[in-house]
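Residues per chain, in single letters:
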Amino acid sequence: MIHRGIGPCSHALGHRLSALLVLAFLCCGPSSPTEAGDQRIQRQADAAGPSDARFASLGIGKSFVVDLPRDAKDVLVADPKIANVVLRSAQRAYIIGAAVGQTSVVFFDTAGQSIVAYDIAVKRDLNGVRVALKQALPAANVQIDGVGDGVILTGSVATPIEAQQANDIAARLTGSPDKVVNSINVRGRHQVMLKVTVAEMSRNIVKQIGVDLSTSLSSGTSVVSLTNANPFTAYGKNLVDGNNVSLSAGGTTATLRAMEQAGVMRTLAEPTLTAISGEAATFISGGEFPVPAGYSCDPTTHVCTTQITYKKFGTALNFTPVVLAEGRISLHLMTEVSDLSNENSITLSQAVTDTTTNSLTVPSIKTRRAESTLEIPSGGSMAIAGLIQDQTKRAVNGLPGLMQVPLLGALFRSEDFVNNQTELVVLVTPYLVRAVSPRELSRPDDGFVNPSDPQAALIGNVNRLYGRTGSTRPRRGDIGFITD
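**Describing the overall build of the chain**
Scanning the chain from N- to C-terminus turns up five helices and 22 strands. Taken over 484 residues, the chain has a buried fraction of 27%. Across the chain, every contact between residues at least 6 apart in sequence was considered, and the portion connecting residues at least 24 apart equals 64%. Here the chain displays about 31,200 Å² of accessible surface, and carbon together with sulfur accounts for 54% of that area.

Here it is in structure tokens:
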């Protein structure tokens, strides 16, 4: 049997290996218990990193149960103000939402290894709002979710009014409309065409008859003159100056003034305008006329110029449609029809020289305006405004006492009678419309052809063809009233 012992060389080699191992431990190993703990925490954090964390959302005061696969010894809550954790047993825990915000929860076992990690988002409790949205909008597809201390609405609805109702319900929950993000999509943006008809018939009758007397009596050097000129106060002026019948006998002259006037006026305006539901639209057709607003003079040259302002007149239509449901349209509209009139016009005069005067007549504006909010089905019509006015004026002027004398009293008085009758109605008709092919539409100038030079010079034609005769497009009904 051979025994091998350790000689002096072997002992020396063993001491050298021990020294190398100690040096390696001092250089590469943990220098302190603190660094060892940091490395353990780092390994645990890596084990429970964001890629392994489970996301959980719950409301304030709500909780959910966590069943662990093995016993838990420790739990880490990043922000206890956001969520709390209650360990019911070694393998069961409760996570409870405390305030709006986000935090993380990590469970560790007895060896310090991560069991499971959760990313917790605590939001408002929206279950009650979801029930309210479902009851108020049963046919809509609206989802609500919390974002911080606010909410976001998503999904789709049929009309803008349903989107606004959902927004109002969410605003009532948050207490402020600024905390509601409305991302609801309206499935169909309806387009509404509004046709407005403003029709007016006006009739006026004026009758005037009067006698002006002028006489003069002389006796010696004394002369007595009598003049009786009666005004027409009901109309405010004579219908025609001159062309009167006069009769003279001796020194007496009688002038008969008699005139009758009758007039009728028809006004028809039919503006049509189309807009998307919920958007405003404006239509204006008219012009402006100048009105003197005063004079400005240059203190150096002493030259005065007239300041001019402009007044608008014509046809205007403003409206905002909102489609409440299929076939029901809410309208807020303002329509106006105005034109120039000489009834209340004024005449301004300015002396240019000692013998020359310039005059300027400024007309008045006759306006019909209506503004209202109403609800009409598509294709239905409604009269939103109407006016029936009957104005009668009669005046008798004359010389007191003599004007009441039978028969002869007519020579000392004047009579005038004025009657104005007006009937006005404003009709509105909305339609739900859609775009069509350009070939299905027609224009008022379809078929218009200019005349040739011989036709214009010899016959006096202003056009050769106009209306449906020369139209090559299929017409979609008649356009306006000029069709042939």
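**Digging into the nonpolar core**
Grouped together as the largest cluster of nonpolar side chains are 20 residues, with contacts concentrated most on Leu-194, Val-196, Val-198, Phe-319, Leu-331, Leu-333 and Val-428. Membership of the second largest hydrophobic core comes to 17 residues, among which are Val-129, Ala-140, Leu-153 and Ala-171.

**Structural notes on the packing of helix α3 (residues 127–136) against helix α4 (residues 160–174)**
It is the contact of α3 with α4, at a shortest axis distance of 10 Å, that shows an interaxial angle of 155°. Considering their axes alone, α3 and α4 lie roughly antiparallel with respect to each other. Handedness of the crossing formed by α3 with α4: right-handed. Contacts between α3 and α4 involve Val-129, Ala-132, Leu-133 and Ala-136 from the first element and Ala-166, Ile-169 and Leu-173 from the second. Classifying every residue of the contact of α3 with α4 by side-chain character gives seven nonpolar, no polar and no charged.

**What about the sheet that holds strand β6 (residues 101–108)?**
Taken together, four strands build an open sheet; the order of strands is β1-β7-β6-β3 and the sheet is mixed. The open sheet has two edge strands with one neighbour each: β1 (54–59) and β3 (74–77). Neighbour to neighbour, the strand axes of the sheet diverge by 25° on average, direction disregarded. Relative to strand β7 (residues 114–123), β6 is paired through eight bridges, and the arrangement is antiparallel. What sits directly across from Val-105, in β7, is Tyr-118.

**Thoughts on α4**
Side chains of residues three or four places apart in an α-helix project in the same direction, reflecting 3.6 residues per turn. In this model, α4 (15 residues) spans 21 Å end to end at C-alpha, consistent with the 21 Å of a helix rising 1.5 Å per residue. Residues Glu-162, Ala-163, Ala-166, Asn-167, Ala-170, Ala-171 and Thr-174 constitute the buried set of α4. Gly-175 sits one or two positions beyond α4 and adopts a positive phi of about 85°.

Basis of the calculations
Numbering of residues starts from 1 in each chain and follows the order in which that chain's sequence is written. A pLDDT threshold of at least 70 governs which residues receive local features in this predicted model, and a stricter bar of 80 or more applies before side-chain atom pairs are shown or counted, although totals over entire chains, interfaces and linings include all residues. Excluded from the side-chain calculation are hydrogens and water; included are all heavy atoms of the structure. Runs of E in the DSSP output that reach at least two residues are strands. Runs of H or I that reach at least four are helices, and both are numbered from the N terminus. Burial classification: accessible surface area is computed with a 1.4 Å probe over protein chains only, and a residue below 20% of its type maximum counts as buried, one above 50% as exposed, and the rest as partly exposed. Throughout, a contact is declared for two residues whenever any of their heavy atoms are within 4.5 Å. Where accessible areas are quoted, they stem from the Shrake-Rupley method and a 1.4 Å probe; at the residue level, only the protein chains shown are allowed to cover. The definition of a nonpolar core used throughout is a set of buried Ala, Val, Leu, Ile, Met, Phe, Trp, Tyr and Cys residues joined through side-chain atoms within 4.5 Å. Angles here are taken between N-to-C directions and fall from 0 to 180 degrees, while the axes themselves are lines fitted to C-alpha atoms, restricted in helices to the stretch in contact. An angle counts as roughly parallel when it lies under 35 degrees, as roughly antiparallel when it exceeds 145, as roughly perpendicular when it falls between 65 and 115, and as oblique in every other case. Less than a right angle of anticlockwise turn of the near helix away from the far helix marks a crossing as left-handed, whereas a clockwise turn marks it as right-handed. Each residue receives one of three labels: charged for Asp, Glu, Lys and Arg, nonpolar for Ala, Val, Leu, Ile, Met, Phe, Trp, Tyr, Cys and Pro, and polar for the others, Gly being one of them. Strands qualify as paired when DSSP identifies two bridges or more between them. Under the convention used throughout, the expected extent of a helix is 1.5 Å for every residue step, that is, one less than its residue count.

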